[in-house]
Amino acid sequence: MRKTFLLITCAGTLLLMAAQTKPKPVPKKVMENGKKVYDTYCLPCHQQDGSGVPNMTPTLVKTNWVTGDKTKLVQVVLKGMKGVEVDGETYENVMAAHDYLTDQEIADVTTYIRNSFGNKASLITPAEVKGIRAKTK
């Protein structure tokens with residue numbers, strides 16, 4: 001009985017530790033390339049600090065839209081969007097589709113925003129973007 005309790009306690013502790021593991025560091029080159037794409041295509045609307053513009057362009061700062069589901073974020077870049085609620089605020093500006101960007105550029109820029117402006121999230125790979133693009137119409 002005591003061994004079972006000890007085993008369950010150890011397993012629970014290991015699971016808790018695994019859940020708290022931080023994302024792997026993002027390679028410097030990915031961040032540099034992502035910043036270049038961001039500065040070219042995203043900065044005019046989302047601003048230098050990612051804060052967006054009230055009632056027009058959503059913030060990229062510490063929001064689940066950025067740090068959450070990778071597929072949703074990549075689809076927004078690929079398809080664009082109009083009208084969205086982010087953290088209780090509504091934004092009406094139209095975001096154009098950026099489906100002309102390469103898988104590498106989309107992976108780099110989405111990884112960049114997921115790891116800038118106070119965000120910390122896992123990277124997005126070109127292979128993931130390719131798979132999402134293939135399923136996105």
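Predicted model, so just to flag it, every value in this text is computed and none were measured.

Asks: Hey, could you run me through the overall build of the protein in this one?
Replies: For the protein, the count of helices and strands is six helices and two strands. Along the protein, helices (α) and strands (β) appear in the sequence α-α-α-α-β-β-α-α when read from the amino end. Nonlocal contacts in the protein, meaning residues at least 24 apart in sequence, comprise 58% of its contacts between residues at least 6 apart. When the accessible area of the protein is evaluated, it comes to approximately 8800 Å², of which 62% is carbon and sulfur surface.

Asks: So what exactly am I meant to see when it comes to the pattern of salt bridges here?
Replies: One pass over the full model with this rule turns up four salt bridges. The closest approach of N and O atoms between Lys28 and Glu32, which form a salt bridge, is 4.0 Å. Within this pair, Lys28 and its partner Glu32 are both found in helix α2 (residues 28-46), separated by four residues, close to a single helical turn. When its relative accessible area of 64% is taken as the criterion, Lys28 is described as exposed. We note a salt bridge from Asp39 to Lys35, for which the minimum N-O separation is 2.9 Å. Remark: Lys35 and Asp39 occur in helix α2; sequence separation between them is four residues, near one turn of the helix. Residue Lys35 is classed as partly exposed on the basis of its relative accessible area of 30%.

Asks: What should I look at first to understand the pairing of strand β1 (residues 81-86) in this one?
Replies: Looking along a regular strand, one sees the side chains alternate between the two faces of the sheet. Looking at chain direction, β1 and strand β2 (residues 89-95) are connected through five bridges and run antiparallel. Counterpart to Met81 in the pairing with β2 is Met95. Count of turn residues in the β1/β2 antiparallel hairpin: two residues, of which Asp87 carries a positive phi of about 50°.

Asks: Please explain the packing of aromatic side chains as it appears in this structure.
Replies: Each aromatic ring pair is specified by the distance between its two centres and by the angle formed by the two planes. If you walk through the whole model with that rule in mind, you get four aromatic pairs. Through pairs of rings, three or more aromatic residues link up here, namely Tyr38, Tyr112 and Phe117. The lysine or arginine in question, Lys72, covers the ring of Trp65, its NZ or CZ lying 4.6 Å from the ring centre.

Asks: How do you make sense of the environment of Ala96 when you look at a structure like this?
Replies: Along the chain, Ala96 falls in the loop between β2 and α5 (103-114). The contacts of Ala96, once residues within four sequence positions are left out, are Val77 and Gly80.

Asks: Help me out: how do you make sense of the packing of α2 against α5 in this one?
Replies: Packed helices, taken two at a time, are described by the angle between their axes plus the distance between the axes. At a minimum axis separation of 7 Å, α2 and α5 run at an interaxial angle of 95°. Compared by their axis directions, α2 and α5 come out roughly perpendicular. Judged by residue contacts, Val30, Met31, Asn33, Gly34, Lys35, Val37, Tyr38 and Cys42 of α2 engage Glu105, Asp108, Val109, Thr111, Tyr112 and Ile113 from α5. When the residues that make up the contact of α2 with α5 are grouped by side-chain class, the tally is eight nonpolar, three polar and three charged.

Asks: Please explain the environment of Trp65 as it appears in this structure.
Replies: One can find Trp65 in helix α3 (residues 64-67). Remark: the alpha-carbon pair of Trp65 and Arg114, spanning 49 residues in sequence, is separated by 9.5 Å. Setting aside its immediate chain neighbours within four residues, Trp65 contacts Lys72, Leu73, Val76, Met81, Val84, Glu85 and Val86. One polar contact links the side chain of Trp65 to the main-chain carbonyl oxygen of Glu85, over a distance of 3.4 Å.

About the cut-offs
Residue numbers run consecutively from 1 along every chain, following the written order of its sequence. Reporting in this predicted model follows two pLDDT cut-offs: at least 70 for local features of residues, and 80 or more for side-chain atom pairs to be given and counted; totals over whole chains, interfaces and linings ignore these cut-offs and use all residues. Side-chain figures throughout are based on the complete set of non-hydrogen atoms in the structure, without hydrogens or water. Only DSSP runs of H or I with at least four residues qualify as helices, and only runs of E with at least two residues qualify as strands; both kinds are numbered from the N terminus onward. Any pair of residues with heavy atoms lying within 4.5 Å of one another is described as a contacting pair. Surface accessibility follows the Shrake-Rupley procedure with a 1.4 Å probe radius. Residue values consider only the protein chains on display as shielding. Salt bridges are identified by distance alone: a Lys or Arg side-chain nitrogen within 4 Å of an Asp or Glu carboxyl oxygen. Remark: exposure states derive from per-residue accessible area (1.4 Å probe, protein chains only) relative to the maximum for the residue type, with buried under 20%, exposed over 50%, and partly exposed in between. Only strands joined by at least two bridges in the DSSP assignment are considered to pair. Aromatic rings from Phe, Tyr and Trp, taking only the six-membered ring of Trp, are treated as a pair when their centres fall within 6.5 Å; an angle between ring planes under 30 degrees marks them as stacked, one over 60 as edge-to-face, and anything in between as tilted. Only Lys NZ and Arg CZ are tested; either one counts as a charge over a ring when it is within 6 Å of the ring centre and within 35 degrees of the ring normal. Convention adopted: a line fitted to C-alpha atoms gives each axis, helices being fitted over their contacting stretch, and angles between N-to-C directions are expressed from 0 to 180 degrees. An angle below 35 degrees is treated as roughly parallel, one above 145 as roughly antiparallel, one from 65 to 115 as roughly perpendicular, and anything else as oblique. All amino acids are sorted into three groups, where Ala, Val, Leu, Ile, Met, Phe, Trp, Tyr, Cys and Pro are nonpolar, Asp, Glu, Lys and Arg are charged, and the leftover types, Gly among them, are polar. Between N or O atoms, a polar contact is any pair within 3.5 Å; within protein, one atom must be a potential hydrogen donor and the other a potential acceptor, and residues adjacent in sequence are included only when both atoms are from side chains.

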